[in-house]
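# Survey of secondary and tertiary structure
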Amino acid sequence: MKAISFLSVFVSIFISAQQNVVIQTGTPTEPTIAISPINPNIVVAASNIDNYYYSTNGGLNWTKKTLSSTYGVWGDPVMVFDKTGNLFFVHLSNPPAPGNWIDRIVVQKSIDGGSTYNNGSFTGLNGTKAQDKAWLAADSNNNLYVTWTQFDVYGSFNPNDKSVIMFSKSIDGGVSWSNPLKINSVDGDCVDSDNTVEGAVPAIGPNDEIYVSWAGPAGLVFNRSLNGGNTWLTNDIKIDDIPGGWDFPIPGLDRSNGLPITACDVSNGANRGTIYVNWCDQRNGTNNTDVFLSKSTDGGNTWSSPVKVNNDNSGKHQFLTWMTIDQDNGNLYFVFYDRRSYNDNRTDVYLAKSTDGGETFINMKINDTTFTPNAGIFFGDYTNIAVKNGIIHPIWGDQLNGNSRIITATINDNQILQTAETAINNDISFYPNPVVNEVFISYKLHDQSSVEINIYDISGKKIEQILNENQGYGKYIQKIDIEHLKLPKGNYLCELKINNEVKKSMKFIK
């Protein structure tokens, strides 16, 4: 057996963050959020179809306004600040005649912290083709890069109609845009489902490299440009399969997706330059959607095996993830919907954090109100999250009393750390560490309890049950003979659960 030199502690935390703030009630969906790099008290947000909000006191209070442009405003909002504090609002179009529905990607600029915007500029106009699912990034020189999906005919089942990933840039603060460039090597169909190429979220590297991944018929793939988007790899690099595809059912939702989010660590921390891709899929079963992360430490040439971000093994749904990085220290943060605590469609919102480059995760419930979505009401395709210097601003939508709502919270990273320290049970230990041929799990029970010890593969699939019984008060030591377990070579997780709650876990390699 190959030894492993670290102990992983997976802790679920159930505390209330700063009180949730309801920004809008009615029909809004698909929120985006961003923090000013100049003044972190300026926090901005937006939602479908033409709503935008801004706060000047760190998210405590919000002003709501409606966005307009002669090019039309039609949802899929994206908000990104450049390094000097200029704010860019990217969205789809719906221009008046003679224009066509979603015929271009529109970018509007604010120079006053999101209070007002100019009429904007656009890219991607290409006859009657549809331009959809855009996202934006800004590099260290304030150049802007946008990627999106172009449909020959949106929603077409004609095999001759294709979807492709497009790229355009602005070097003058969004005044003008380069001619759009196709950057994918494997095209998709136009159905807007598993075999359509979508989910292109650009990320910027330490030397202004442009990284982007997306999902489609080739699975989860990656491409990059090292020269400001002028040239890209000829062939996409495969990250992983997406078992079941990126378009999958979640009970109670009209639709859901597991499209990827790409981010790169440009901090001065230990993981500077690491590229991360976060997504959801149903590799563990159609009733068990999970959140996954893969990373590359060599510029995207090779990728790690997917690891599960949600630290439960409840067999329930976690879905619609988003990821960001605190570029002050390299910590990773995720927000996603979670049903681990229920046997029906009741839904919570969780925050996850990693301080070790995506090796281990703390999970934290952050919503004040559990909700049950209505499949007859459009729910939207994404959440969002922003962070700066340990202050985290997740944003999400829910449904309450027949109304859709946009909700945010302000979470201080110290809340997570202090709660984690309290949550770790010092009466539990794994030893020896590193593991060689066998491991002992020592734990103390204070009451009659149900105890489980299970082994999972790295994707979270349970493959071996070591113990499942009720035990009384006392201290217990369970030996596991790792060497003689009939496990294929690979990475595994040994997990202790007491009364259905994960107490500790340890990774090992056989």
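Residues numbered from 1 in each chain as written. Predicted model: local features only at pLDDT ≥ 70, side-chain atom pairs only at ≥ 80, totals over all residues. Heavy atoms only, no water.

Position of Gln318 relative to the elements: it lies in strand 23 (residues 318–326). Exposure remark for Gln318: the relative accessible area of 0% places this residue in the buried category. At a separation of 3.3 Å, a polar atom in the side chain of Gln318 contacts the side chain of Asp312. If we ignore the near neighbours within four places in the chain, the residues touching Gln318 are Cys280, Thr289, Asp290, Val291, Asn310, Asp312, Phe336, Tyr337, Asp338, Arg339 and Arg340. (Helix = DSSP H or I, 4+ residues; strand = E, 2+ residues; numbered from the N terminus. Buried < 20%, exposed > 50% of the residue type's maximum accessible area, 1.4 Å probe, protein only. Polar contact = N/O pair within 3.5 Å; in protein donor to acceptor, adjacent residues only side chain to side chain. Contact = heavy atoms within 4.5 Å.)

What follows covers the confidence of the model for the chain. Residues of the chain with pLDDT of at least 70 account for 92%, and the chain-wide mean is 90. Low pLDDT, under 50, characterises residues 1–17; the predicted model gives this stretch 73 contacts beyond four residues in sequence or across chains. Long-range and interchain partners of residues 420–426, a stretch whose pLDDT sits below 50, account for seven contacts in this model, where long-range means more than four residues apart. (pLDDT = per-residue confidence, 0-100.)

Turning our attention to the sheet that holds strand 15 (residues 203–204). Here we have four strands laid out as an open sheet, ordered 15-16-17-18, and antiparallel in their pairing. Edge positions in the sheet fall to strand 15 and strand 18 (237–240), since each of these pairs with one other strand and no more. The pairing of strand 16 (residues 210–216) with strand 17 (residues 219–225) spans seven bridges and is classified as antiparallel. In the strand pairing of strand 17, Trp214 is matched with Val221. (Pairing = 2+ DSSP bridges.)

Taken together, four strands build an open sheet; the order of strands is 11-12-13-14 and the sheet is antiparallel. Because the sheet does not close on itself, it has two edges, and the strands there are strand 11 (130–138) and strand 14 (181–182). Sheet topology places strand 12 (residues 144–151) next to strand 13 (residues 163–170); eight bridges connect them, and they run antiparallel. Of the residues in strand 13, the one forming a bridge with Phe151 is Ser163.

Further remarks concern the packing of aromatic side chains. Counted according to the given criterion, the structure contains 19 aromatic pairs. Seen from their ring centres, Tyr71 and Phe122 are 5.0 Å apart, and the 70° between their planes marks the pair as edge-to-face. With Tyr71 in the loop between strand 6 (63–66) and strand 7 (78–81) and Phe122 in strand 10 (residues 121–123), this residue pair connects regions lying 51 residues apart in the sequence. For the pair Tyr337 and Phe371, a centre-to-centre distance of 6.0 Å together with 80° between the ring planes defines the contact as edge-to-face. Note that Tyr337 is positioned in strand 24 (residues 331–338) and Phe371 in the loop between strand 26 (362–365) and strand 27 (384–388), a separation of 34 residues in sequence. Judged by relative accessible area, which is 2%, Tyr337 ranks as buried. With relative accessibility at 2%, the residue Phe371 sits in the buried group. Among the aromatic residues, those joined into a ring-pair cluster are Phe319, Tyr337, Phe371 and Phe379. Taking NZ or CZ as reference, Arg104 lies 4.6 Å from the ring centre of Phe122, over its face. Positioned above the aromatic ring of Tyr350 is the side chain of Arg340, whose terminal nitrogen or guanidinium carbon lies 4.1 Å from the ring centre. (Phe/Tyr/Trp six-rings, centres within 6.5 Å; stacked < 30°, edge-to-face > 60°. Lys NZ or Arg CZ within 6 Å of the ring centre and 35° of its normal.)

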